[in-house]
Amino acid sequence: MRARDSYLAKQKAEEDRPIFKSFVKMSNKCNEEKRKDVAMKINTAYFIAKEELPFTKFPKLLNLQRKNGLQIGETHSTDKKCAEMVSRISKVYKNKLDVTVSEHVKYMSIIIDGGEDAGGVENETIHCRFVENGQPVNCLVGHKAVEHAHAEGQCQLSSKVKIDRKSTRLNSSHANI
C-alpha cells in the first residue's frame, strides 16, 4: 500500500503532464479555427443581407472565398443557414437599438413609409431618427407586408411600434402610401 501511495505521490498532476497540455492546446486551436470559420460565414451572411442579395448566393460566395484561398468549412454553408444567421444578426441589432433608445435617447422621430418591393408586394417600412453623440442616426425599426392596400392611397397597417420600455407605442391604422 505504501509503495502505491509513494508512486502516486511522485506522479505529476494531470494538468502538468505534457500530453494533457498538448490536448488542451490542440482543443484551443480547434475552437479558434471554428470561431474564425463561423465569423467568416456570419460576415458573408451580413454582406448578403446588406446588399439585399438572395440567400441562394450564400453557398456560391463561400465557394468563391474558398477558391481565393480562405479555409472555410463545409458545415453551415446552405441558404437556409444563411437565413438563420441573418435572422440572428437582425435580433442582435434590434436589441441594441432597443437598449440605445430606451436608455440614451430623449427625443426621436418615427418615419413610416409605404411602397412596393421587387415582387410587387405592398409594404410599410418604419424608421426612427434620433441624435446620438451629436450625430443624427436613422435606424430601421420594422418592415411588414400590408394586409390591405386600397386604390385611394390608403392602407391598413396592423403593427405596433415599441418606442421605449415604458410601452409607449405608435399605432398606425391608415398610413398614407
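Residues numbered from 1 in each chain as written. Predicted model: local features only at pLDDT ≥ 70, side-chain atom pairs only at ≥ 80, totals over all residues. Heavy atoms only, no water.

Engineer: Outline the overall build of the protein, listing residues and values.
Structural biologist: The helix and strand inventory of the protein stands at four helices and seven strands. Per-residue burial for the protein yields a buried fraction of 20% across its 177 residues. In the protein, once contacts between residues fewer than 6 apart in sequence are set aside, the share between residues at least 24 apart is 33%. Surface summary for the protein: the accessible area is close to 13500 Å², and the carbon and sulfur share equals 54%. (Helix = DSSP H or I, 4+ residues; strand = E, 2+ residues; numbered from the N terminus. Buried < 20%, exposed > 50% of the residue type's maximum accessible area, 1.4 Å probe, protein only. Contact = heavy atoms within 4.5 Å. Areas by Shrake-Rupley, 256 points an atom, 1.4 Å probe, with all protein chains shown as cover.)

Engineer: Just give me the short version of the pattern of salt bridges, but keep the residues and values in it.
Structural biologist: Taken as a whole and judged by the stated rule, the model has four salt bridges. Here Arg35 makes a salt bridge to Glu32, at a shortest N to O gap of 3.1 Å. Of this pair, Arg35 and Glu32 both sit in helix H2 (residues 18–50), three residues apart, roughly one helical turn. Using a relative accessible area of 34% as the deciding quantity, one classes Glu32 as partly exposed. Taking the shortest distance from any N to any O, the salt bridge between Glu74 and Arg66 comes out at 3.5 Å. Here Arg66 falls in the buried class, since its relative accessible area comes to 19%. (Salt bridge = Lys/Arg side-chain N within 4 Å of Asp/Glu carboxyl O.)

Engineer: Kindly report on the sheet that holds strand E1 (residues 108–116), identifying the contributing residues and their values.
Structural biologist: The strand order across the open sheet built from three strands is E1-E2-E3, with neighbouring strands paired in antiparallel fashion. The open sheet is flanked by E1 and strand E3 (135–145), the only strands paired with a single partner. For this sheet, the mean angle separating the axes of adjacent strands, direction not counted, is 25°. Relative to strand E2 (residues 122–132), E1 runs antiparallel, the two being bridged by nine bridges. Paired with Ile111 across the bridge in E2 is His127. Contacting E1, E2 and E3, helix H4 (residues 79–104) runs over the sheet at an angle of about 45° to E2. (Pairing = 2+ DSSP bridges. Axes fitted to C-alpha atoms, helices over the stretch in contact; angles between N-to-C directions.)

Engineer: Give me the lowdown on the nonpolar core, citing residues and values where you can.
Structural biologist: Nonpolar side chains in soluble globular proteins generally cluster together in the buried interior. Counting residues in hydrophobic clusters, the biggest one holds eight residues: Ala45, Ile48, Phe58, Leu62, Ile72, Cys82, Met85 and Val86. Secondary structure elements with two or more residues in this core: H2, helix H3 (58–67) and H4. Considering each element in turn, this core owes the most residues, three residues, to H4. Counting seven residues, the second largest nonpolar core, distinct from the first, contains Val101, Val105, Val137 and Cys139. (Core = buried A, V, L, I, M, F, W, Y, C linked by side-chain atoms within 4.5 Å.)

Engineer: Please give an account of the confidence of the model for the protein that cites residues and values.
Structural biologist: The predicted structure's coordinates, where accompanied by low pLDDT, should not be read in detail. Across the protein, the average pLDDT comes to 77, with 70% of residues at or above 70. Counting contacts from residues 173–177, a segment whose pLDDT is below 50, to residues more than four positions away or on other chains yields 19 contacts. (pLDDT = per-residue confidence, 0-100.)

Engineer: A description of H4 should follow, citing residues and the corresponding values.
Structural biologist: Over its 26 residues, H4 runs 37 Å from end to end, which matches the ideal 38 Å to within 8%, given 1.5 Å per residue. Among the residues of H4, Cys82, Met85, Val86, Ile89, Leu97, Thr100 and Val101 are the ones counted as buried. (Expected span 1.5 Å × (residues − 1).)

Engineer: For the side chain of Lys41, give the residues involved together with the corresponding values.
Structural biologist: Among the secondary structure elements, Lys41 is positioned in helix H2. When sequence neighbours within four positions are dropped, the list of residues in contact with Lys41 reads Phe58, Leu62, Ile72, Gly73, Glu74, Thr75, His76, Ser77 and Met85.

Engineer: With reference to specific residues and values, describe the environment of Lys94.
Structural biologist: If you trace the backbone, Lys94 turns up in helix H4. Classification of Lys94 by relative accessible area gives partly exposed; the value is 42%.

Engineer: Got a sec to walk through H3? Specific residues and values, please.
Structural biologist: Within an α-helix, residues lying three or four positions from one another point in the same direction, as the helix has 3.6 residues per turn. What H3 keeps buried is the set Phe58, Leu62 and Arg66. The buried residues of H3 all sit within an arc of 80° when viewed along its axis, so they share a single face. In this structure, H3 carries Lys60 and Lys67 as exposed residues pointing more than 90 degrees from its buried face. Among the residues trailing H3, Gly69 stands out with phi positive, at a value near 105°. (Arc of directions from axis to C-beta.)

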